Each structure stands twice: as structure tokens, then as C-alpha cells.
Amino acid sequence: MKNITLNDLCTNFDCTLEQFSQRFVDFYDSVDFTYALLSNEERDATILEILNKLYTDQQVIGAPERTDVWHKGWKENLDGFLQNKNINEIVPKFIRPNKIVRYNGDFIKPTNGFFERDFAKLIQIFCYDNFIKQTDVDSVYEFGCGSSFNLMSLIDLNDKHKNLSFYGSDFVQSSVDLCNALGVHYNVNLSGFRFNMIEPDTSLILDANSAVFTFGAIEQLRSKFHNFIDLIVASKPTICFHIEPTVENYNPESLFDHLQIRFHQKRGYTEGLLPYLRELEHLGKVQIVKDKRLNFGSLFMEGYHLYAWKPV
């Protein structure tokens, strides 16, 4: 049995131990991050499962019918929350327990059935500490907020150290309704609004001194992100960060990476976001302050690459 240590996480996040907050360390200490490596037979079976998925998967990111799929998906979370008033109802359904995951270039079997959810929590804490608290912003916007899972985690992390305003936007109404229901029920400064990142409303005005982020949302735009990014650059937030799958970070000569390149491209997930930000940096329009493949993900691909930038 192996264990992910804090030093391992320093490598994943490209930081020193001193850059982890006490809250980050406390949460780490509260979770079982032990895991087992797969046997040769289990690894072969896992690769075969991925190959079969590549052969049979029919999902096309950005297809017109996906709008209804997302509306129904977030409505399921909305209905569950309205019925039970339990915060666990907003955990996205695609974060599934008891699954083989990707970590540091290999497939692993975590002891903790909710390993992916809990590793995502570490990412949320790290982003809050480094891109919200440290930059001392006044407002936080998530575009493509879905079930508001990330926003509610950040609100919980805020711990009233500052009276931040939180905003969630999505292109389907069920997501916006859930965001507003959470704000009312928990009496927190959270509100939602409709926004289409592919055809962004150019009248959008961000609050002064804002943080903007996406978490697995730009992946769904099928590479049609340029107008959105240009609008955010022009809106001059204090900081912007993304946690998104990033195919450009993979090594096509590695079987491990080759499989996720194939999956990423077959589905039609977004490509080109990080190269576009680098192009904008070359043009002197933005400064990239963080760029790290976290080497963590679910069975079929790593959905967690972290980069942050700010307008110049």
C-alpha cells in the first residue's frame, strides 16, 4: 500500500510545503490518501476498458442535444437539494465513487472510495488560498458553475475573513436556479445568472477587483472559447484561473497519455486554451502566473490541469 504525502503534493502543485495553508494540511490529514498499484492483469483490464470505451462511446461534446442533457443533469441536483436541503446533493454526478483513477502517470486503486472528490477539495483549497485570499479580491465569478459545487466549497473556505461576493453563471436555467437556491437557503452572498461562453454577452461588467475561474467548463465549449477569453481579458479581473483538461500537456509517445489524447479528441473536448493564453502573453496582454499539470484525473483522462493568469 502506498500513500500520497504532502511532499508528493508539493510536486503535483509545484510549490513548497510552506505554501500549503494549515487548512490544506488539516484537510489532507483528515482524508485517507493511500492507494494500491494495479497488478499486470488489472492494468491490462483497465486499458482494455478504455479501448472499448473509445470504440463504443457516442458522446459528442457541444452537440445540440447536450444542452438538454446538462439542463436535466443540473435539474436532478436542484430537485435533490430542494427536497432534502442537503449540501451533498450538489456533488456532480460524474464524480463517481470507488473508481480507478490516474495519478502521477499510472492507474491506481484508492482505498478511499471518494478519492477523486477529496483530491478535488485539495485543489479548491489551494486555489482559494493562492488566487482568492492571497490576491485579496472582493468578488468571485465562476463561469460554467453547474451545481455550484466549487462555489459552495469556496464560500465555506472564505470563513468570513472577508465579505466576498460570489457569482455563478451557466448556459442552462436549472444551474442558475440551483445557484440562487443555495444562496437563499444558506444565507450567503451567492447569486446566479445565465451566460453563454460560446456567444458571450459583451455587456457583461465584472465587479472591480474580481477573481474569475472555470472548473471543467471550457472543456465543454469544443474549442470555441476565444470570444469568452477576450471578453474576460478586456474586463480586467484581478486574477483568472482554470482547472481544465489540457491535451497539449500530454506526451503522445506514452501509452498512458496516448489513451487520454484519443479520448479527449474523440469526445471533442476543447483544445488550444493554454496555447492561446501563451499567445496572449507573448502579445503582452496577459501574464501567466501558474501553469501546472497536476498529474491527477479520472479513469479516461486527467481533467485537472491548473493555470492562472492576469491581464496586463
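Rules used in this analysis
Residues numbered from 1 in each chain as written. Predicted model: local features only at pLDDT ≥ 70, side-chain atom pairs only at ≥ 80, totals over all residues. Heavy atoms only, no water. Helix = DSSP H or I, 4+ residues; strand = E, 2+ residues; numbered from the N terminus. Rg over C-alpha atoms; globule rule 2.2 N^0.38 Å. Buried < 20%, exposed > 50% of the residue type's maximum accessible area, 1.4 Å probe, protein only. Contact = heavy atoms within 4.5 Å. Pairing = 2+ DSSP bridges. Axes fitted to C-alpha atoms, helices over the stretch in contact; angles between N-to-C directions. Phe/Tyr/Trp six-rings, centres within 6.5 Å; stacked < 30°, edge-to-face > 60°. 1 Å grid on protein atoms, 1.4 Å probe; cavity = no way out; pocket = protein on both sides within 12 Å on 5 of 7 lines; lining within 4 Å. Points joined across faces, edges and corners; volume = space filled by probe spheres on them. Nonpolar A, V, L, I, M, F, W, Y, C, P; charged D, E, K, R; others polar.

*Asks:* Kindly report on the overall build of the protein, identifying the contributing residues and their values.
*Replies:* Looking only at helices and strands, the protein has 10 helices and 12 strands in total. Relative to the compact-globule value of 20 Å for 312 residues, the protein shows a C-alpha radius of gyration of 19 Å, a close match. A principal-axis box enclosing the C-alpha atoms of the protein has dimensions of 55 × 45 × 40 Å. In the protein, which comprises 312 residues, the share counted as buried stands at 54%. Pairs at least 24 apart in sequence give 76% of the contacts found in the protein among residues at least 6 apart.

*Asks:* How would you sum up the sheet that holds strand 4 (residues 106-110)? Please name residues and give values.
*Replies:* Pairing in this open sheet of five strands is antiparallel, and the strands run 1-2-4-3-11 from one edge to the other. The strands lining the two open edges of the sheet, one partner per strand, are strand 1 (2-3) and strand 11 (296-297). Judged from the two bridges that link them, strand 3 (residues 101-103) and strand 11 form a sheet pairing that is antiparallel. Residue pairing for strand 11: Arg102 is matched across the bridge by Gly297.

*Asks:* Kindly report on the environment of Pro200, identifying the contributing residues and their values.
*Replies:* Along the chain, Pro200 turns up in the loop between strand 7 (190-194) and strand 8 (210-215). With 28 residues separating them in the primary sequence, Pro200 and Phe228 have C-alpha atoms 6.0 Å apart. Ignoring anything within four residues of it in the chain, the contact list for Pro200 reads Phe195, Asn227, Phe228 and Leu231.

*Asks:* Tell me about the sheet that holds strand 7, and please be specific about residues and values.
*Replies:* Taking strand neighbours across the sheet as the criterion, the seven strands line up as 7-6-5-8-9-12-10 in an open arrangement whose pairing is mixed. In this open sheet, the two strands that pair with only one neighbour each are strand 7 and strand 10 (286-293). Strand-to-strand twist in this sheet, taken as the mean axis angle between neighbours without regard to direction, amounts to 15°. Bridge count for strand 9 (residues 239-244) against strand 12 (residues 305-311) is five bridges, and the pairing is antiparallel. Following the sheet pairing, Phe241 is matched in strand 12 by Ala308. Its contacts with the sheet place helix 8 (residues 226-235) against strand 5 (139-143), strand 8, strand 9, strand 10 and strand 12, and it is angled at close to 45° to strand 12.

*Asks:* Give me the lowdown on helix 6 (residues 149-158), citing residues and values where you can.
*Replies:* Of all 10 residues in helix 6, nine are buried, a share of seventy percent or more. By the burial criterion, the buried members of helix 6 are Phe149, Asn150, Leu151, Met152, Ser153, Leu154, Ile155, Leu157 and Asn158.

*Asks:* So what about the packing of aromatic side chains? Which residues, and what values?
*Replies:* One pass over the full model with this rule turns up 31 aromatic pairs. For the pair Tyr141 and Tyr167, a centre-to-centre distance of 4.6 Å together with 20° between the ring planes defines the contact as stacked. Here Tyr141, found in strand 5, pairs with Tyr167, found in strand 6 (residues 165-170); they are 26 residues apart in sequence, far enough to count as distant. With respect to burial, Tyr141 and Tyr167 carry one shared label: buried. Measuring from ring centre to ring centre gives 5.1 Å for Phe143 and Phe195, while their planes differ by 65°; the resulting arrangement is edge-to-face. Here Phe143 is found in strand 5, whereas its partner Phe195 is found in the loop between strand 7 and strand 8, with 52 residues between them in sequence. We classify Phe143 as buried; its relative accessible area is 0%. Of the residues examined, Phe195 reaches a relative accessible area of 6% and is grouped as buried.

*Asks:* Please set out the layout of surface pockets residue by residue, giving values where relevant.
*Replies:* Quantified by volume, the second largest pocket comes out at close to 610 Å³. Contributing to the lining of the second largest pocket are 25 residues, with Ile87, Met152, Ser153, Ile155 and Asp156 lying nearest its centre. Broken down by secondary-structure element, the contributors of at least two residues to the lining of the second largest pocket are helix 5 (115-133) and helix 6. Residue classes in the lining of the second largest pocket are distributed as 11 nonpolar, seven polar and seven charged.

Take it as geometry only, folks, not as evidence of what the structure does.
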